[in-house]
Amino acid sequence: MQRIAKLGRRSVLTLGVVLPVISALPSVERSARAAERVTLAVFVAKDSSLQNLKMTELRRIFTNADDSGFSGQRSVPFNHTARSSDRVGFDQTVLRMSPEEVSRFWIDRKIRGLPGPPRALDSLSQLLRLVSRTSGGVGYARPHQVTNEVRVIRIDGKLPTEAGYPLQFNE
Amino acid sequence: MRFSSVALSAWLLSRAGLALAADPLPAPTTPTTAVEPGMDMPTPAPAPAIAPGPTATTADADAEGKFAAAPEPASDSFTSEESGSDSDTQRKLDLYGFADFTYQRLLVDKENIWNRTYPSVNSFAVGNFNLYLSSNLGDSWRALAEVRFMYLPNGASKPDASGNAIRTDTTVLDYAGFEEPIRWGGIRIERIYIEHEFNGLLKLQVGQFLTPYGIWNVDHGSPTIIGIKKPFVVSNQLFPEQQVGLQLYGSYFLDPLEVGYHLTLSNGRGPVEYQDFDDDKAFGGRLYVKTDAVGSLTVGASIYRGGYLDRSAKYVVTNNGTTVDQEYTPLSKYQELSLGADVKWEYKSWLVQGEAIMNEANFEVRPRSTVIRPPQGFQADYRRWGAYGLIGYRLPFLPLMPYVIVQHAISPDSPNTPPATAYEVGINYRPIAPVVVKLEYTDWHFSAPGSAGFGNYPLRILATQVAWAF
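Scoring rules and cut-offs
Residues numbered from 1 in each chain as written. Chains lettered and ligands numbered in written order. Predicted model: local features only at pLDDT ≥ 70, side-chain atom pairs only at ≥ 80, totals over all residues. Helix = DSSP H or I, 4+ residues; strand = E, 2+ residues; numbered from the N terminus. Buried ≥ 20, exposed ≤ 12 C-beta atoms within 10 Å, placed from the backbone. Contact = placed C-beta atoms within 7 Å. Pairing = 2+ DSSP bridges. Axes fitted to C-alpha atoms, helices over the stretch in contact; angles between N-to-C directions. pLDDT = per-residue confidence, 0-100. Expected span 1.5 Å × (residues − 1). Core = buried A, V, L, I, M, F, W, Y, C linked by C-beta atoms within 7 Å.

(A) Focus on the overall build of chain B. What chain B contains, in helices and strands, is six helices and 20 strands. Taken over 470 residues, chain B has a buried fraction of 33%. Expressed as a percentage of contacts within chain B between residues at least 6 apart in sequence, the contacts between residues at least 24 apart total 56%.

(B) Spatial organisation of the overall build of chain A. Looking only at helices and strands, chain A features five helices and nine strands. Looking at chain A as a whole, 44% of its 171 residues are labelled buried. Within chain A, contacts between residues at least 6 apart in sequence are counted, and of these 70% link residues at least 24 apart.

(C) Geometry of helix H2 (residues 55-62) of chain A. Those residues of H2(A) that sit buried are Leu58(A), Arg60(A), Ile61(A) and Phe62(A). Trailing H2(A) by a residue or two, Asn64(A) shows a phi angle of about 60 degrees, which is positive.

(D) Spatial organisation of the pairing of strand E4 (residues 76-80) of chain A. Residue and element names in this part refer to chain A. Among the five residues of E4, five are classified as buried, and the element is accordingly described as predominantly covered. Where E4 and strand E6 (residues 137-141) come together, two bridges link them in parallel fashion. If you follow valine 76 over to E6, its bridge partner there is glycine 137.

(E) Here's a closer look at the sheet that holds E6(A). All names here are of chain A. With respect to topology, five strands assemble into an open sheet ordered E5-E4-E6-E2-E7, the strand pairing being mixed. The sheet is open, and its two edges are formed by strand E5 (119-121) and strand E7 (150-152), each paired on a single side. Each strand of the sheet is rotated relative to its neighbour by a mean of 35 degrees, with strand direction disregarded. In terms of strand pairing, strand E2 (residues 41-45) meets E6 through four bridges, oriented antiparallel. Across the sheet, residue valine 42 finds its bridge partner in E6, namely tyrosine 140. The strands touched by helix H5 (residues 124-133) within the sheet are E2, E4, E5, E6 and E7, with E6 carrying the most contacts at an inclination of about 150 degrees.

(F) Structural detail: the pairing of E6(A). Within E6(A), five of the five residues are buried, leaving the element largely enclosed by the surrounding structure. Here E6(A) shows two buried faces, one formed by Gly137(A), Gly139(A) and Ala141(A) and the other by Val138(A) and Tyr140(A).

(G) Focus on unusual backbone geometry. Residues and elements named next belong to chain B. A cis amide bond, omega 10 degrees, links leucine 152 with the succeeding residue proline 153. Residue placement: proline 153 occurs in the loop between strand E3 (141-150) and strand E4 (157-159). Omega for the bond connecting aspartate 255 with proline 256 falls within 30 degrees of zero, at 10 degrees, which places this linkage in the cis form. Note that proline 256 resides in the loop between strand E10 (242-254) and strand E11 (257-266). Of note in the backbone geometry, serine 140 takes a positive phi value of approximately 70 degrees without being a glycine. In this model, histidine 220 sits at a positive phi of 70 degrees, which is unusual for a non-glycine residue.

(H) Structural context of the confidence of the model for chain B. Residues and elements named next belong to chain B. Confidence along chain B averages 83 in pLDDT terms, with 79% of residues attaining 70 or more. Scored below 50 in pLDDT, residues 1-78 shows 99 contacts in the model against residues more than four places distant or in partner chains. Counted against residues more than four places away or in other chains, residues 80-89, with its pLDDT under 50, gives 25 contacts. The ipTM, which scores confidence in the relative placement of chains, is 0.78 for this predicted complex, and the corresponding pTM is 0.80.

(I) The environment of Asn199(B), seen in detail. Examined against the element boundaries, Asn199(B) turns out to sit in strand E8 (residues 186-199). Excluding anything up to four places from it in sequence, Asn199(B) contacts Ser68(A), Gly69(A), Phe70(A), Ser71(A) and Gly72(A).

(J) Representation of helix H4 (residues 99-111) of chain A within the structure. Residues and elements named next belong to chain A. Its 13 residues place the ends of H4 18 Å apart at the C-alpha level, agreeing with the 18 Å of an ideal helix rising 1.5 Å per residue. Those residues of H4 that fall on the buried side of the exposure criterion are Val102, Ser103, Arg104, Trp106, Ile107, Lys110 and Ile111. Looking one or two places after H4, you find glycine 113, whose phi comes out positive at around 95 degrees.

(K) Inspection of the confidence of the model for chain A at higher detail. On average, residues of chain A score 85 in pLDDT, and 80% of them reach the 70 mark or higher. Note that pLDDT drops below 50 for residues 26-32 of chain A; the model gives that stretch five contacts with residues more than four away or on any other chain.

(L) Up close: the nonpolar core. Among the nonpolar cores identified, the biggest contains 32 residues, and Ala41(A), Val42(A), Phe43(A) and Val131(A) are the most heavily contacted of them. Those elements that place two or more of their residues in this core are E2, H2, E4, helix H3 (85-95), E5, H5, E6 and E7 of chain A. Each residue touching Val131(A), except ones within four places of it in the same chain, is listed here: Phe43(A), Val44(A), Ala45(A), Phe78(A), Gly137(A), Val138(A), Gly139(A) and Val150(A). Formed by 31 residues, the second largest nonpolar core is a distinct cluster that contains Ile225(B), Ala282(B), Leu390(B) and Ile461(B).

Structure representation (structure tokens):
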């Protein structure tokens, strides 16, 4: 039994050494092949006063963080369905999470008793319509899919066509 | 035949529910031709030219094709149907929950007394089966209830005055069958409240809520927490786990900091959840600062202050035999103060979290001290405290997190429990998001024997658990 106790203490020490080494290993994701560059435009209702969002603000909106402050005017995010290519790219670029991490994030949040994820829609036309008619609605799509029902806003001060626009990913 | 009718009805109802949930919006009244992004934006810079897009119909078809081509969500059904935002259009009851199944062995000699005193040794056990009922009621109102289904009180044992451990047996004969013996269990209300959001700074919950302190108590569910067992300083409830009353909370984002608070007013700790015997309301709060500038870092501090009163009652006849009244005798009365500090840092694949908690009680009416071995004195004032630290790392090539936990606890309120330090090492494997498999080894060290002598014996536990959200 003493040996088991020693083994346990040794395991704790070993993990303390091994974990930092493992963390230095290259990530599988980093070895992804170069692929098509996709840009996502973020849009709001036409009558919205919102002109620009920082990436940090966009991240908070799509993780349902409530930044409405005194005004109580909350942004209402609308998402694409899980595992659609744009959703995966958006989550990786904005939330910095893989699909599994996103699932974990929302499950954990709901078990904590917090509200769940944004509503996910499997139809782009419905997404555009909902954003256009919802006060504070925020959505995203590829620029050529955006209609005049809604208005594209800047992210970190840039429009989708400008150099350095941050909401881009490799498909 | 009857079964098939019920099944058919259930299927039809479920289809109707789906149809309601997917209720399409009316078609837009304005023509929806594609535009260049930024066209309507009143910005000083001219909108950049983007290649003209397709018409809305084409865009939709394009998108529908893309959506249709997306693979089926493997594990997101738990999360993807939620309508947390547009509460006005989706007032539905959301049912979900979690459960866990645990097996633990003690790695100690057969003569070790822990074999006979540690709960659920060498046994398979379903520990938690918690069901959540959540609903967005609309107009910034939200309701949440969580109940835990238990085998308890069956099997729970309690020592009597002569030292016998009396086990509760809930066996009854089932009248619905051939009076075969069955055992009934219990339901525990974990929390139930209604919440109204005035704005981001002011949200009010009324009902029963989890005390907003630290990390572990709020993480709460076995799929969410990293280890198998709560750290002793959490399970020993230096803060009450739940409270019945009011909770105000809110937060404000000052990029890159989020500052948040919780304020509670409740019946406080007591023998009955729905009665405050001494009308001495407890208050508490938590203040935290969070930033995503360096990973996700949260630092918080919590406080709780309240009174406790337990009493016995008997009916007495007063006013010359004309009135029946109740006479109370206090059994235990104290004022308590709890303080806590916590930190949680998630950086890339690393998780570091820790809590330090203190609780002190000053008695006005001292109960008999709960010791197993005589002599039995009166409960002294006490200050108990403890802390734990956890470091974990989620591997890049597997959804697996090895972790280590070190914890220390001093509990002078319970003379049977010696000061203790534990070293834990484990793995938390999450093959899919809703399922967690854990394996944990814990080595407890005691720095004193304690009044019952438990501290003279080593305690080593190997435990494994499967926890799942549904």
